[in-house]
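Each chain is listed here by its residues.
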Amino acid sequence: MVDSLLHSIIMCRIEPPSVRRPKGGKGPRKDPCSCANIDHATVTHMAIKWDVHFQLKMLVGSVALHVKLLKDTTKVFLDIRDLSIRSINVDGIDVEFRIAPNSYTFFGSKLCVYLPEDKSTAGTEIVMHISYTTSNEASALQWLKKEQTTDGKAPYLFSQCQAIHARSIVPCMDTPSVKQTYEAEVSVPSGLTCLMSSIGEGSKGDEERTTFFFKQPVAIPSYLLAIVVGLLEKRDISHRCAVWAEPSVVDKAHWEFSETEDILSCAESIVGPYIWGRYDMVCLPATFPFGGMENPCLTFLTPTLIAGDRSLVSVIAHEIAHSWSGNLVTNSSWEHFWLNEGFTMFIERKICGRLVSESYRQFMAFNGWTNNLIPAVHEQFHPTHPFTKLVQEHENVDPDVAFSCVPYEKGSSLLFSLEQRLGGSQVFELYLRDYISTFSHKAIDTYQWRDHLYSYFHDQKEILDSFDMNSWLFDVGMPPSKPKYDEEMVVDCDKLLKEWIDADETTVKDITKEMYVSMKPLQQIEFISQLWQHNPPIEHYKLDALDSLYALTNSENCEILLNWIRLCVKSRWEPIFPRALRFLNSQGRLKYCRPVYRDLSNWPFCAKEVRDNFLRTRHSMHPITAEMISKDLHLRHQTHTVCF
Ligand SMILES: CC/C=C\C/C=C\C[C@@H](O)/C=C/C=C/C=C\[C@@H](O)CCCC(=O)O
Ligand SMILES: [Zn+2]
């Protein structure tokens, strides 16, 4: 008995715990969110031609995919969602194609293209020309009537392809493990400006239509394809930075984001040269679902960053940092999203540490742990939820549903802990540069990251082995240990918090506003967030006093407003409801809308009104926003069957 047991243990190749790999797999796992046969073929270049039709809410055009066969194959599989394929030819020869029947789910469908026999051997390079149109419900696009824009003067279109929405605007290998250059010709109604995640190469047209030309010479994953069309004006910030926005917004955005060149230069001093040429930003209409999106050469930004005091520009540092982590060194699938976002959060805070102070970097990391990671693990999910893992498994999982701050905060905390153990900030910055230069223009997974870490710090193996890496990477819940933070900037927050918690109806009148107004905005956010997280909930007389002293309900800073609304709703303070509803209807940022919709729908006092509000406004929301909130409110159950 013992012998056979011993034999089976020896034969079943028990790997050391530190190299836990995906189920049943040796080496990199295929991206479960794509049906592309990337081991047989790869796309190296896309040449896109689109006519933008606002009345139809459709892109009509074609794409020429430059495909290289990696193995003998007579088929190329592409990802599509809601595309009407008109015709496909390979090097000018019409070819058969099929769309896998009944495969439609949130992943979309598999487009199978059959190659001529004489173009099916390994090493062959072909040009696959696909004529197609998008659906008027393409999940990557939001079409705005002029009335929905800030200035109300012209229609507007913008895209959001991350994570798996590129397939709704172009047939492609919609996985971050495939990188391709691209060029585009886009025809739009004259008078409107078209911008893309690339270098603009001019335009030509007549009074009816204008065609804009673009080139992206750096190979990028499909999720970084991006387009915006609207009545836009530009303001230069430096020789390589500018901001675009609607006329009534552009000067406010220009002032708010005027430190962008300083941030970009600072980033270069940490992680190396900026290779993308331009760093432009477009400040989108308020329905944009995210704080920022790191589309190369053209970061997309929410107007909720315009606080009037430049206090929220760390998001720009974040998007700039993506020019290295994410856009150059890319996660090979969304299961390893933390490589994109954990590194970017870490670099963002490095930049802010350089520009403000090291104690500010420490405070940002502390704030991330206490105000983002803890609520995400304990309130948005629960400590045993699989989406609280750093490395996830996305079989039949929609990345939009799995999305949270966990990859950002758990990932950056992991790097923060490693920095402290492996020699401190300067030592770790040298590692960071080596990591970026080693994997630039590649797509990697956590196992490749880990192997590089061990080889770079080969002389500190004992320290690495003593670190509970597997628990950080693969376990649910909060990390097994908390980094040590310099809490110098926490002291004032804790002092003010204690003053308010300990106050009673008499002494609350003695609290003055001096300490609060002397704090940095991030400290004010920390203070209000701690009040929100405090149990029991804060008494109504204190909320009255807080609002009259600090004017929180009328704050221009959306981060402060979010935490104040959540605090008041948790305390069931009814005067906040009108402001909360205005907040929901004034912008579409998921980071704000999802928690506030969830909180309000769980409050019997206003549950029905807030759900009715959603049903009334959902059609003017971005598709992603509408989808996520309807799931949060349990208004529809998407049955996810296995895709292919
Ligand atoms: C574990 C989840 C794996 C993959 C998810 C990937 C993408 C999800 C999709 O919903 C797109 C997310 C885009 C995020 C863009 C910007 C963020 O860095 C900031 C979001 C929070 C904010 O609004 O500030
Ligand atoms: Zn990011």
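Basis of the calculations
Residues numbered from 1 in each chain as written. Chains lettered and ligands numbered in written order. Predicted model: local features only at pLDDT ≥ 70, side-chain atom pairs only at ≥ 80, totals over all residues. Heavy atoms only, no water. Patch = residues over 30% accessible without salt bridge, like charges linked within 9 Å, V, L, I, M, F, W, Y side chains within 5 Å. Areas by Shrake-Rupley, 256 points an atom, 1.4 Å probe, with all protein chains shown as cover. Salt bridge = Lys/Arg side-chain N within 4 Å of Asp/Glu carboxyl O. Lys, Arg positive; Asp, Glu negative; His and termini not counted. Charge placed at Lys NZ, Arg CZ, Asp CG, Glu CD. Helix = DSSP H or I, 4+ residues; strand = E, 2+ residues; numbered from the N terminus. UniProt positions renumbered as here; feature names shortened; annotations may be inferred. Contact = heavy atoms within 4.5 Å. Buried < 20%, exposed > 50% of the residue type's maximum accessible area, 1.4 Å probe, protein only. Polar contact = N/O pair within 3.5 Å; in protein donor to acceptor, adjacent residues only side chain to side chain. Donors = N, O, S within 2.8 Å, 3.2 Å for Na, K, Ca; no water. Tetrahedral: all angles 85-135°; square planar, octahedral: opposite > 155°, others 65-115°. Pairing = 2+ DSSP bridges. Axes fitted to C-alpha atoms, helices over the stretch in contact; angles between N-to-C directions. Core = buried A, V, L, I, M, F, W, Y, C linked by side-chain atoms within 4.5 Å. Parallel < 35°, antiparallel > 145°, perpendicular 65-115°, else oblique. Left-handed = near helix turned anticlockwise from the far one by under 90°. Nonpolar A, V, L, I, M, F, W, Y, C, P; charged D, E, K, R; others polar. Domains from an automatic or database assignment. Buried area = accessible area lost by both parts, 1.4 Å probe. Phe/Tyr/Trp six-rings, centres within 6.5 Å; stacked < 30°, edge-to-face > 60°. Lys NZ or Arg CZ within 6 Å of the ring centre and 35° of its normal.

Here's the deal with a negative patch on the surface
Next, step 1: Together, Asp-486, Glu-487, Glu-488 and Asp-494 make up a negatively charged patch on the protein surface.
Next, step 2: For Glu-488, the position within the fold is in the loop between helix 12 (469-474) and helix 13 (490-502).

A word on the UniProt feature "binding site: a peptide" (unreviewed entry) in the protein chain
Next, step 1: UniProt annotation of "binding site: a peptide" (unreviewed entry) refers to Gln-160, Cys-161, Gln-162, Pro-289, Phe-290, Gly-291, Gly-292, Met-293, Glu-294, Arg-589, Leu-590 and Lys-591 when read in the numbering used here.
Next, step 2: Note that Leu-590 resides in helix 19 (residues 590-601).
Next, step 3: Ignoring sequence-local partners within four residues, the contact set of Leu-590 consists of Pro-289, Phe-290, Pro-595, Ile-624, Thr-625 and Met-628.
Next, step 4: As for its position among the elements, Lys-591 is in helix 19.
Next, step 5: Residue Lys-591 is classed as partly exposed on the basis of its relative accessible area of 41%.
Next, step 6: Apart from residues no more than four positions distant in its own chain, Lys-591 is found in contact with Pro-289, Glu-559 and Leu-562.
Next, step 7: Polar side-chain contacts of Lys-591 include one of 3.0 Å to the side chain of Glu-559.

Considering the coordination of the zinc ion (ligand 2)
Next, step 1: Protein ligation of the zinc ion (ligand 2) involves His-318 (NE2), His-322 (NE2), Glu-341 (OE) and Glu-341 (OE), the donor distances falling in the range 2.0 to 2.6 Å.
Next, step 2: One can describe the donor arrangement at the zinc ion (ligand 2) as irregular, given that its 4 donor atoms subtend angles of 54 to 152° at the metal.
Next, step 3: Look at where the donors of the zinc ion (ligand 2) fall in the sequence and you get H-x3-H-x18-E.
Next, step 4: Judged by relative accessible area, His-318 falls into the buried class, the value being 7%.
Next, step 5: His-322 sits in the buried class, given a relative accessible area of 0%.

A look at the sheet that holds strand 3 (residues 75-80)
Next, step 1: Taken together, the 3 strands give an open sheet; going across it, the order is 3-7-6, and neighbouring strands pair in antiparallel fashion. The open sheet has two free edges, formed respectively by strand 3 and strand 6 (97-99), since each of these has just one partner strand. Taking the axes of each pair of neighbouring strands and ignoring which way they run, one obtains an average angle of 20° across the sheet.
Next, step 2: The pairing of strand 6 with strand 7 (residues 109-114) spans 3 bridges and is classified as antiparallel. Its bridge partner being in strand 7, Arg-98 is matched across the sheet by Cys-112.

Notes on the environment of Glu-609
Next, step 1: Turning to its location among the elements, Glu-609 is positioned in helix 20 (residues 607-617).
Next, step 2: By relative accessible area, Glu-609 is classed as partly exposed at 45%.
Next, step 3: It is 46 Å that separates the C-alpha atoms of Glu-609 and Asp-262, two residues lying 347 residues apart in sequence.
Next, step 4: The residues touching Glu-609, leaving out its near neighbours within four places in the chain, are Phe-577 and Leu-581.

Brief notes about the nonpolar core
Next, step 1: Core analysis: the biggest nonpolar cluster contains 217 residues, and Met-128, Trp-449 and Trp-564 have the highest contact counts within it.
Next, step 2: When neighbours within four sequence positions are excluded, Trp-449 is seen to be in contact with Trp-338, Leu-339, Phe-343, Leu-414, Leu-415, Leu-418, Tyr-431, Tyr-435, Ile-444, Met-469 and Leu-473.

Notes on the packing of helix 13 against helix 16 (residues 540-550)
Next, step 1: Where helix 13 contacts helix 16, the axes come no closer than 11 Å and their chain directions differ by 135°. One finds that helix 13 runs oblique with respect to helix 16. Crossing handedness for the pair helix 13 and helix 16: right-handed. Mapping the contact onto sequence places Leu-496, Trp-500, Ile-501 and Asp-502 in helix 13 and Lys-542, Ala-545, Leu-546, Leu-549 and Tyr-550 in helix 16.
Next, step 2: Looking at the contact of helix 13 with helix 16 residue by residue, the classes come out as 7 nonpolar, no polar and 2 charged.

Re the domain arrangement of the protein chain
Next, step 1: As assigned here, the protein chain comprises domain 1 (1-19 + 29-138 + 169-204), domain 2 (333-474) and domain 3 (490-632).
Next, step 2: The C-alpha centroid of domain 3 is placed 29 Å from the C-alpha centroid of domain 2.
Next, step 3: At the interface, 15 residues of domain 2 touch 17 residues of domain 3.
Next, step 4: Surface buried jointly by domain 2 and domain 3 totals about 1,300 Å² across both partners, of which 59% is contributed by carbon and sulfur atoms.
Next, step 5: At the surface where domain 2 touches domain 3, the tally comes to 1 salt bridge.
Next, step 6: In this structure, Arg-566 engages Glu-379 in a salt bridge whose closest nitrogen and oxygen atoms are separated by 2.5 Å.
Next, step 7: The tally of links between domain 2 and domain 3 comes to 8 residue pairs in polar contact (both at pLDDT 80 or more).
Next, step 8: Going through the elements one at a time, helix 6 (358-380) and helix 7 (399-402) are the ones with two or more residues in the side of domain 2 that touches domain 3.
Next, step 9: Here the side of domain 2 that touches domain 3 gets 11 residues from one element, more than from any other, and that element is helix 6.

Here's the deal with the pattern of salt bridges
Next, step 1: Under the definition given, this model contains 28 salt bridges.
Next, step 2: One salt bridge connects Arg-361 with Glu-358, and the closest N-O pair in it is separated by 3.0 Å. Of the two residues, Arg-361 and Glu-358 are both situated in helix 6; the distance of 3 residues between them amounts to about one turn of the helix.
Next, step 3: Its relative accessible area of 38% is what places Glu-358 among the partly exposed residues.
Next, step 4: Salt-bridge contacts for Asp-465 lead to Lys-461; the nearest nitrogen and oxygen are separated by 2.5 Å. Residue Asp-465 and its partner Lys-461 are located together in helix 11 (residues 461-466), separated by 4 residues, close to a single helical turn.
Next, step 5: Relative accessible area serves as the criterion here: at 42%, Asp-465 is assigned to the partly exposed category.
Next, step 6: By sharing partners, the salt bridges in this structure join Lys-350, Arg-354, Glu-358, Arg-361, Glu-419 and Glu-429 into a single network.

A few points about the packing of aromatic side chains
Next, step 1: In total, this model carries 40 aromatic pairs according to the counting rule given.
Next, step 2: Each ring, one from Trp-334 and one from Phe-337, has its centre 5.8 Å from the other, and the planes form 65°; the classification is edge-to-face.
Next, step 3: On the basis of relative accessible area, Trp-334 is assigned to the buried category, the value being 5%.
Next, step 4: Judged by its relative accessible area of 9%, Phe-337 falls in the buried class.
Next, step 5: Three or more aromatic residues joined by ring pairs form one cluster here, namely Tyr-156, Phe-158, Tyr-223, Phe-288, Phe-290, Phe-300, Trp-334, Phe-337, Phe-403 and Tyr-408.
Next, step 6: The ring of Phe-77 carries the charged tip of Lys-110 above its face, separated from the ring centre by 4.4 Å.
Next, step 7: For the cation-ring pair, Arg-310 lies above Trp-255, with the distance from its terminal atom to the ring centre recorded as 3.7 Å.

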